[in-house]
Amino acid sequence: MGQLIACATTGGILVASDSRVEFFEPDGAIRFMTQDHIIPLTSQAVLASAGAWEAQDICKEFAAFVKAEGLTDIDDLIKAAIPFFTGKHDEILRKLCTISPPDPIINMYLLLAGYSPKTPDNPYKLFVIWDRPKPPKIEYNQVTHIFTLPRRMGLEFTLNSLVAQNAPLAKVVDTAKAGMEKLAAQDEHLGPPFHYVTITDQGINRV
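Every value quoted in this text rests on a predicted model; they were computed, and no experiment measured them.

Visitor: Could you give me a rundown of the overall build of the protein chain, with the residues and numbers involved?
Guide: Secondary structure assignment for the protein chain yields 4 helices and 12 strands. The 207 residues of the protein chain split such that 49% are buried. Expressed as a percentage of contacts within the protein chain between residues at least 6 apart in sequence, the contacts between residues at least 24 apart total 59%.

Structure follows, in structure tokens:
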């Protein structure tokens, strides 16, 4: 599983990820691959993946769907995401049933982040989407300010303090960068390149 970090402030959103994913060979050997987990959906929204490496392809398919449907607002994106990913989840389960005993655990975690001018009191929004194994189902939850996966309580506490202080987004970015590099130095499952994206009312920017 890769590392996701997200923080929503009054000045914008930071989304960060590493690039290392695990691929299990048929003989059980583990091979590391590199992926950019952060996929732009619109000029003011991104979708980030963690967990199963196959989630990357599903994210790209959703990005194409969003473009074809002309969706732009983050609230419209989350409404469309749940039925879309439910259908993809069912497809994966059906394929798995043809090659192995059914296992409802796919291990898919997605982060949808974006800006909505329609809600000026709460314009920056984070949604977490995941698959629940029993019964198999796609669920989601809106996150108030901070999200890390895997959970990093120390980093979450630091970021939450910055939000409470109304710190500038640039400070949040610097803190996330330092935190990501520290985590990667301690965990071989995390690796570069590291990606940092900000979302503001001016759009998406890689920093």
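Visitor: If you had to explain the pattern of salt bridges to someone new, which residues and values would you point to?
Guide: Counted by the stated rule, this structure contains 6 salt bridges. In this structure, Lys 118 and Asp 76 form a salt bridge, with 3.9 Å as the shortest nitrogen-oxygen distance. Linking Lys 118 in the loop between strand 7 (108-115) and strand 8 (124-132) with Asp 76 in helix 2 (residues 74-99), this pair joins segments that are 42 residues apart in sequence. When its relative accessible area of 60% is taken as the criterion, Lys 118 is described as exposed. Judged by its relative accessible area of 29%, Asp 76 falls in the partly exposed class. Arg 151 is the partner of Glu 156 in a salt bridge, and the nearest nitrogen-oxygen pair spans 2.6 Å. Since its relative accessible area comes to 10%, Glu 156 is described here as buried. Note on Arg 151: relative accessible area 51%, which makes it exposed.

Visitor: Mind laying out the side chain of Asp 73, listing which residues take part and the relevant values?
Guide: In this fold, Asp 73 is placed in the loop between helix 1 (55-69) and helix 2. A polar contact is formed between the side chain of Asp 73 and the backbone nitrogen of Asp 75, at a distance of 3.0 Å. Those residues within four positions of Asp 73 in sequence are excluded, and the remaining contacts are Ser 116, Pro 117 and Lys 118.

Visitor: Which residues make up helix 3 (residues 153-164), and what are the values?
Guide: Look at helix 3: 16 Å from first C-alpha to last across 12 residues, which is about the 16 Å you get at 1.5 Å a residue. Residues Leu 155, Glu 156, Leu 159, Leu 162 and Val 163 constitute the buried set of helix 3. Taken end-on, helix 3 shows its buried residues confined to a sector of 120 degrees, consistent with a single buried face. Those residues of helix 3 that are exposed and angled more than 90 degrees off the buried face are Met 153, Gly 154, Phe 157 and Ala 164. Considering only its buried residues, helix 3 is in contact with strand 1 (4-9), strand 10 (146-149) and helix 4 (169-186). In the stretch just after helix 3, Asn 166 is the one whose phi turns positive, near 60 degrees.

Visitor: Tell me about the environment of Gln 44, and name the residues and values.
Guide: Inspection of the secondary structure puts Gln 44 in the loop between strand 5 (38-42) and strand 6 (45-51). Considered as a pair, Gln 44 and Asn 205 are 161 residues apart in the sequence and their alpha carbons are 9.5 Å apart. Once residues lying within four places of it in the same chain are set aside, the contact partners of Gln 44 are Ala 113, Gly 114, Tyr 115, Ile 199, Thr 200, Asp 201, Gln 202, Gly 203 and Ile 204. A distance of 2.9 Å separates a polar atom in the side chain of Gln 44 from the backbone oxygen of Asp 201.

Visitor: An account of unusual backbone geometry is needed here, citing residue identities and associated values.
Guide: Cis geometry marks the peptide bond from Leu 149 to Pro 150; its omega dihedral reads -5 degrees. For the bond from Pro 192 to Pro 193, the omega torsion is 0 degrees, close enough to zero to count as cis. Backbone geometry places Asn 166, a non-glycine residue, at a positive phi of 60 degrees. Inspection of the secondary structure assignment puts Asn 166 in the loop between helix 3 and helix 4.

Visitor: Lay out helix 1 in plain terms, naming residues and giving numbers.
Guide: With 15 residues, helix 1 ought to run about 21 Å at 1.5 Å a step, and its terminal C-alpha atoms sit 21 Å apart, in line with that. If you check which residues of helix 1 are buried, you get Ala 55, Gln 56, Ile 58, Cys 59, Phe 62, Ala 63 and Val 66. Down the axis of helix 1, the buried set is contained in an arc of 160 degrees. They therefore lie on one face. For helix 1, exposure combined with an orientation more than 90 degrees from the buried face picks out Lys 67 and Ala 68. Looking one or two residues beyond helix 1, the residue adopting positive phi is Gly 70, at roughly 70 degrees.

Conventions and cut-offs
- Residues numbered from 1 in each chain as written.
- Predicted model: local features only at pLDDT ≥ 70, side-chain atom pairs only at ≥ 80, totals over all residues.
- Heavy atoms only, no water.
- Helix = DSSP H or I, 4+ residues; strand = E, 2+ residues; numbered from the N terminus.
- Buried < 20%, exposed > 50% of the residue type's maximum accessible area, 1.4 Å probe, protein only.
- Contact = heavy atoms within 4.5 Å.
- Salt bridge = Lys/Arg side-chain N within 4 Å of Asp/Glu carboxyl O.
- Polar contact = N/O pair within 3.5 Å; in protein donor to acceptor, adjacent residues only side chain to side chain.
- Expected span 1.5 Å × (residues − 1).
- Arc of directions from axis to C-beta.

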